[in-house]
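Residue strings, one per chain:
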Amino acid sequence: MLQMLSCTRVVLLTNNPAKLDGLAKAGIEIAGRMALEAPINSDNRRYLTAKAARAGHRLDHLLASLVEPSDPDRDVAPLAT
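The rules we used
Residues numbered from 1 in each chain as written. Predicted model: local features only at pLDDT ≥ 70, side-chain atom pairs only at ≥ 80, totals over all residues. Heavy atoms only, no water. Helix = DSSP H or I, 4+ residues; strand = E, 2+ residues; numbered from the N terminus. Buried < 20%, exposed > 50% of the residue type's maximum accessible area, 1.4 Å probe, protein only. Contact = heavy atoms within 4.5 Å. Areas by Shrake-Rupley, 256 points an atom, 1.4 Å probe, with all protein chains shown as cover. Pairing = 2+ DSSP bridges. Core = buried A, V, L, I, M, F, W, Y, C linked by side-chain atoms within 4.5 Å. Arc of directions from axis to C-beta. Polar contact = N/O pair within 3.5 Å; in protein donor to acceptor, adjacent residues only side chain to side chain.

A. Geometry of the overall build of the protein chain. Summing up its helical and strand segments, the protein chain has 3 helices and 2 strands in all. Each of the 81 residues in the protein chain was classed as buried or not, and the buried ones make up 19%. Considering only intrachain contacts with a sequence separation of at least 6, the fraction spanning at least 24 residues in the protein chain is 22%. For the protein chain, the exposed area adds up to about 6,800 Å²; of that, 56% sits on carbon and sulfur atoms.

Spelled out as structure tokens, the structure:
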């Protein structure tokens, strides 16, 4: 479709690296990529995690949300001196 429209260069809005590869192999120059970020909630967390794990989608905001903050009230063993 892009070739039919004489489009040879795009800025792609995607988290899917396969789209970048496919367009590049088709001769479309990727001028840039803008990541798409959506709020993560209990309804879509499993779906987005699967997209990242199975399809390699770049979902850095998802990975950051999975990191649990340290618990300041947690018991910490003293260091041996």
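B. Region of the structure containing the pairing of strand β2 (residues 29-34). Both strand β1 (residues 9-13) and β2 contribute to a ladder of 5 bridges, which runs parallel. Bridging across to β2, R9 finds its partner in E29.

C. Structural context of the environment of L12. Note on placement: L12 falls in strand β1. Taking the relative accessible area as the measure of exposure, L12 reaches 15% and is therefore buried. Residues L12 and A31, 19 residues apart in the sequence, show an inter-C-alpha distance of 7.9 Å. Once residues lying within four places of it in the same chain are set aside, the contact partners of L12 are K19, L20, L23, G32, R33 and M34.

D. Here's a closer look at the nonpolar core. V10, L12, L20, L23 and I28 together form the largest nonpolar core, which totals 5 residues. Those residues within four positions of V10 in sequence are excluded, and the remaining contacts are L2, L23, I28, E29, I30, A31 and G32.

E. A look at helix α1 (residues 17-25). All of the buried residues in α1 are P17, L20 and L23. All buried residues of α1 lie within an arc of 130 degrees about the axis, which places them on one face of the element. Summarising the contacts, the buried residues of α1 are in contact with β1 and β2. Its side-chain oxygen 2.8 Å from the backbone nitrogen of A18, N16 forms the N-cap of α1.

F. Spatial organisation of unusual backbone geometry. Of note in the backbone geometry, S6 takes a positive phi value of approximately 60 degrees without being a glycine. Its place among the elements puts S6 in the segment before β1.

G. Broad picture of the environment of R9. Assignment of secondary structure puts R9 in strand β1. You can call R9 exposed: its relative accessible area is 53%. C-alpha of R9 to C-alpha of G27: the two residues are 18 residues apart in sequence and 8.9 Å apart in space. In this structure R9 touches I28, E29 and A31, once residues within four positions along its chain are discounted. Polar side-chain contacts of R9 include one of 3.2 Å to the side chain of E29.

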